[in-house]
Amino acid sequence: MPKQHVSISVTELKKSYKNKEVLKNVSFSVPGGTIYALLGTNGAGKTTIVKILSTLLKPDGGSASIHGFDVVSQEREVRKLISLTGQFTAVDDVLTGRENLHLIGQLIRLPDVKRKTGEWLSFFDLEDAADRKVSTYSGGMRRRLDIAMSLMVHPQVLFLDEPTTGLDPQNRIAMWDFVKNLAKNGTTVFLTTQYLEEAESLADNVGILHKGEILAEGTPQYLKEILPKRGARLHFQNEENAAKAMELLSEHGILVDGMEPNLPSLEDVFLTLIDGNEEDNRHV
Ligand SMILES: Nc1ncnc2c1ncn2[C@@H]1O[C@H](COP(=O)(O)OP(=O)(O)OP(=O)(O)O)[C@@H](O)[C@H]1O
Ligand SMILES: [Mg+2]
């Protein structure tokens, strides 16, 4: 599949719950075989967008399509192309990992389901736990099983709602590698996240969602240019060194123990963007 066809297209999407406006006017598009990260804090509207795109919820206004199929009027076609791993896992606690996968395989009439179940278990490093009830799994193991289940259908477009929330750093990085690999093989990946760093490291394009509106959108490189400048934090070996450094920054003998990037928080990002928008408005 050529990389640059439009896989997901969203135009002026609106959604309210009762009289609470949750999505105000959301538009973006995602080229095929790329990773799009929707970045936003709790309640920004991320899951609402994922639900609309995966045909689970109807929008009040605007439109959205997957490979040209409208998510409302052509939901059957859309469902053949997509798969969703929701924010809260859909795995069945009383079944084992193997049984969960096997069941999905049977539901979608996957040929050779027994062998494929074994392959997925091994791919997601769940072989040892395969015959244990899922109720005994850790958060990371559940997440991996959940994603394995949504991949059994070989989706062309995969939705991952906060795939790494609750994962430890090692599992988070493993998940990033995995997602990058999927996209390399042509799958379009649409994911949501609350982590700026995750969006920047993983996505080809990032949309920053705040209170139901996309405040900024672009490549991580572009966002780095418009977002608040990041400093660096130095770790000194001891307080004495730190004190010296405070006094005379350019003196000799200051032992730096380490350096880590000091990322702006999501709040800093919003403040910058909102400030910028207000300035723009003032100049109109
Ligand atoms: N069924 C519903 N009825 C009423 N309000 C809802 C419903 N679902 C979501 N909301 C509200 O809509 C807003 C957006 O919710 P949504 O779940 O899309 O946010 P989110 O960005 O996914 O947040 P989180 O990071 O916590 O998962 C929130 O204020 C939420 O309380
Ligand atoms: Mg959510």
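In short, a report on the structure. Here the structure is a predicted model, which is why all the values come from computation and not from measurement. (Residues numbered from 1 in each chain as written. Chains lettered and ligands numbered in written order. Predicted model: local features only at pLDDT ≥ 70, side-chain atom pairs only at ≥ 80, totals over all residues. Heavy atoms only, no water.)

Here we come to the packing of aromatic side chains. All told, the structure shown has 9 aromatic pairs when counted by the stated rule. Here Tyr36 and Phe190 contribute two aromatic rings whose centre-to-centre distance is 5.6 Å and whose plane-to-plane angle is 5°, an arrangement assigned as stacked. Here Tyr36, found in strand 3 (residues 35-39), pairs with Phe190, found in strand 8 (residues 188-193); they are 154 residues apart in sequence, far enough to count as distant. As far as burial versus exposure is concerned, Tyr36 and Phe190 are alike and both buried. (Phe/Tyr/Trp six-rings, centres within 6.5 Å; stacked < 30°, edge-to-face > 60°. Helix = DSSP H or I, 4+ residues; strand = E, 2+ residues; numbered from the N terminus. Buried < 20%, exposed > 50% of the residue type's maximum accessible area, 1.4 Å probe, protein only.)

In an α-helix there are 3.6 residues to a turn, and that puts residues three or four apart on one side. With 6 of 8 residues buried, helix 1 (residues 46-53) lies mostly within the body of the structure. Within the sequence span of helix 1, burial applies to Lys46, Thr48, Ile49, Val50, Ile52 and Leu53. Backbone geometry just after helix 1 places Thr55 at a positive phi near 70°.

The next thing to look at is the sheet that holds strand 1 (residues 6-17). The antiparallel open sheet is built from 4 strands, whose spatial order is 2-1-4-5. Each of the sheet's edge strands pairs with one partner strand only, and the pair in question is strand 2 (20-31) and strand 5 (69-70). Sitting on the sheet, helix 1 is in contact with strand 1, strand 2 and strand 4 (61-66), with an inclination near 60° to strand 2. (Pairing = 2+ DSSP bridges. Contact = heavy atoms within 4.5 Å. Axes fitted to C-alpha atoms, helices over the stretch in contact; angles between N-to-C directions.)

This paragraph deals with the site of ligand 1. In the region of ligand 1, 14 residues are neighbours, and Gly43, Lys46, Thr47, Thr48 and Gln87 sit closest. In the model, an oxygen atom of ligand 1 is placed 3.5 Å from a nitrogen or oxygen of the Lys20 side chain. The side chain of Asn42 places a nitrogen or oxygen atom 2.9 Å from an oxygen atom of ligand 1. Isolated, ligand 1 exposes 640 Å² of accessible area, and the fraction of that covered by the protein chains is 63%. Listed by contribution, the elements that provide at least two residues to the shell around ligand 1 are strand 2 and helix 1. At 3 residues, helix 1 tops the list of elements feeding residues into the shell around ligand 1. Class assignment for the residues of the shell around ligand 1 results in 3 nonpolar, 8 polar and 3 charged. (Near = heavy atom within 4 Å. Polar contact = N/O pair within 3.5 Å; in protein donor to acceptor, adjacent residues only side chain to side chain. Areas by Shrake-Rupley, 256 points an atom, 1.4 Å probe, with all protein chains shown as cover. Nonpolar A, V, L, I, M, F, W, Y, C, P; charged D, E, K, R; others polar.)

Within the sequence span of helix 3 (residues 97-107), burial applies to Gly97, Asn100, Leu101 and Gly105. Seen from one end, helix 3 has its buried residues packed into an arc of 130°, which puts them on one side. The elements touched by buried residues of helix 3 are helix 4 (113-123) and helix 5 (139-151). At the exit of helix 3 stands Arg109, carrying a positive phi of roughly 55°. (Arc of directions from axis to C-beta.)

Another aspect to go through is the pairing of strand 9 (residues 205-210). Of all 6 residues in strand 9, 6 are buried, a share of seventy percent or more. Judged by which residues are buried, strand 9 turns out to be covered on both faces: Asn205, Gly207 and Leu209 on one side and Val206, Ile208 and His210 on the other are all buried. Sheet topology places strand 3 next to strand 9; 4 bridges connect them, and they run parallel. Each residue of the ladder has a partner; that of Leu38, found in strand 9, is Gly207. Counting the residues in the hairpin turn of strand 9 and strand 10 (residues 213-218) gives 2 residues, including Lys211, whose phi is positive at 50°.

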